[in-house]
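# Remarks on the overall topology
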Amino acid sequence: MLSAVEIGLCIAGIALGVLINYWIYSLAYFARPISPWQARPVDMQPLSPASRIPVVGWFVRRSESVRWGKGFWIRPMLIEAAIPGLWVWLYRALFDGITVPLGIRTPGPGFTLVGSAVSISEVHVQFLAYSVLLVLMIVATFIDIDERTIPDWITIPGTWIGVLGAALLPGWCLWEATQAGPPVLTRLVTPMHANSPYPWSIDLGQIGGWGPGLWWGLLIWVLWCASLGNLRWITRRGFRKAFTYAWIGFLRSHNLKAIGAMAVVGSLLIVFAYMGLSPERWQSLLSSLFGIGLGGSLVWSFRIVAGGVLGQEALGFGDVTLMAMVGAFFGWQIAVVAFFLAPLFGIVLVLLYWIITRDGAIPFGPYLAAATAYLMLDWPRVWDALSIVFLPVQSYFFFLIVLLVVLGSLLWVVRSLKVLLLGVTVDSSQATTTEAKKPR
């Protein structure tokens, strides 16, 4: 039986499903006025009151299939029907301890744990974080399916939300089990941090002055903002010209003022946070920034080099900003695991999509979102199994360099084989051009 809170969530979930459909059709690069709450084209009849009723209204509008496509109403109807139940289920799951580390969770109000307790307020905060990220990923997924692109005005504000939530709200981050002790080892539930599963590095903390942690945070933030500009890497005239093209293209970015302002404001906030936040909140903020850096750079590195190997864009830049957003919410660990897990979900999604639409072409963004959603709900078990093979956070920046070298070597081998065996000359301008612009 539903509690009063769950009944309220169910009612709010109905409105949330309506909003999700509105955002899917209005936030796309090529917006289509399909949602009943968007402005109607002048050549169409006004909608009846019944057409605006959640779930039922889509069934009423079946006659508009001539304009919007056969069965256009089925997907939004299913979204609005599913969201209330899924939202209530998520709330129950979090309060049943689904995100509490294995071996120390006892279902029930307040989580009576050994040595430490997760407060009800922290669970509510995590429910908020989960809800916001899942909504953003749902909207991004369906826009990506429709347009093969993820708009920046979903992932960039989402990244801001993730950073601010991590900095200001206890309970926002994922949890892990740690041991405090000797001589008596007491198992505790603590937020994951940038160096998990290893102990927090004191050098990354607020050690006074311009410590390494502050420099890392500022560097990651500025580089992330810069990546949102018009960056081109064209090597057909040599690396010196490639840097020149990249710099000129960046200076001509249509959003240069916006990303400049974002870099300055964000940097100032990071400095103020370093000086004024509690150690726990700074640790959470820096972990979020590392999530942006590693989550985004892993996908970007693969995008650049794999695009060179294939001679065409392998991943869109929207996939980069999507994983930066995931890292901003919950840290780099979940973003890295989701990236390598995404192809497995891709197999399932492609089969389902082909069965429904007879179209096997689906972008990579939904794979990443599906893998992330799974990890959010099963993170304690996944982290318990994988944490033993993780390296300290600094090692992963070197891992990215190794990844680029290995994939770059593969590119050289592929080109050489084409020239020697097939007599094919590869157009280097096509094979090594990347652009951080639409379509993403």
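Rules of the game
Residues numbered from 1 in each chain as written. Predicted model: local features only at pLDDT ≥ 70, side-chain atom pairs only at ≥ 80, totals over all residues. Heavy atoms only, no water. 1 Å grid on protein atoms, 1.4 Å probe; cavity = no way out; pocket = protein on both sides within 12 Å on 5 of 7 lines; lining within 4 Å. Points joined across faces, edges and corners; volume = space filled by probe spheres on them. Helix = DSSP H or I, 4+ residues; strand = E, 2+ residues; numbered from the N terminus. Core = buried A, V, L, I, M, F, W, Y, C linked by side-chain atoms within 4.5 Å. Buried < 20%, exposed > 50% of the residue type's maximum accessible area, 1.4 Å probe, protein only. Contact = heavy atoms within 4.5 Å. pLDDT = per-residue confidence, 0-100. Phe/Tyr/Trp six-rings, centres within 6.5 Å; stacked < 30°, edge-to-face > 60°. Lys NZ or Arg CZ within 6 Å of the ring centre and 35° of its normal.

## Things to note about empty space enclosed by the protein
Under the counting rule described, the total for this entry stands at three cavities of 30 Å³ or more. Its volume calculated, the largest cavity comes out at about 50 Å³. Cys173, Met192, Ser287, Phe330 and Gly331 are the residues nearest the centre of the largest cavity, which is lined by 13 residues in total. Taken together, the elements giving at least two residues each to the lining of the largest cavity come down to helix H10 (279-310) and helix H11 (317-330).

## A few points about the nonpolar core
Residues Trp221, Trp224, Ile292, Phe330 and Trp379 are the most contacted members of the largest nonpolar core, which totals 110 residues. When residues in this core are grouped by element, the largest group, 13 residues, is from helix H5 (residues 120-147). If near-sequence neighbours (up to four positions away) are discounted, Trp379 is found in contact with Leu174, Trp175, Met192, Gln333, Ile334, Val337 and Asp384.

## Some details on the confidence of the model for the chain
In this model, the chain carries a mean pLDDT of 84, and residues with pLDDT of at least 70 account for 83%. Within the chain, helix H6 (residues 152-168) carries the highest mean pLDDT (96), whereas helix H15 (residues 428-431) carries the lowest (41). The model gives residues 107-116 a pLDDT under 50, and that stretch makes 29 contacts with residues more than four places away or in other chains.

## Some points on unusual backbone geometry
The omega torsion of the bond from Ser196 to Pro197 falls at 10 degrees, within 30 degrees of zero and hence cis. Its identity as a non-glycine residue notwithstanding, Val55 has a phi of 65 degrees, on the positive side. Within the element layout of this structure, Val55 appears in the loop between helix H1 (4-26) and helix H2 (56-60). In this structure, Arg148 is a non-glycine residue whose phi angle is positive, near 60 degrees. Structurally, Arg148 can be placed in the loop between H5 and H6. Relative accessible area serves as the criterion here: at 36%, Arg148 is assigned to the partly exposed category.

## What to know about the side chain of Ser267
Its place among the elements puts Ser267 in helix H9 (residues 256-276). The class for Ser267 is buried, based on a relative accessible area of 15%.

## A few points about the packing of aromatic side chains
When we look at a pair of aromatic rings, we describe it by the centre distance and by the angle of the planes. Within this structure, the stated rule accounts for 22 aromatic pairs. Grouped by ring-pair contacts, the aromatic residues Trp87, Tyr91, Phe95 and Phe127 constitute a single cluster. In this structure, Arg52 is placed above the aromatic ring of Trp37, and the distance from its NZ or CZ to the ring centre is 5.0 Å. Sitting over the face of the ring of Trp68, Arg67 holds its NZ or CZ atom 5.3 Å from the ring centroid.

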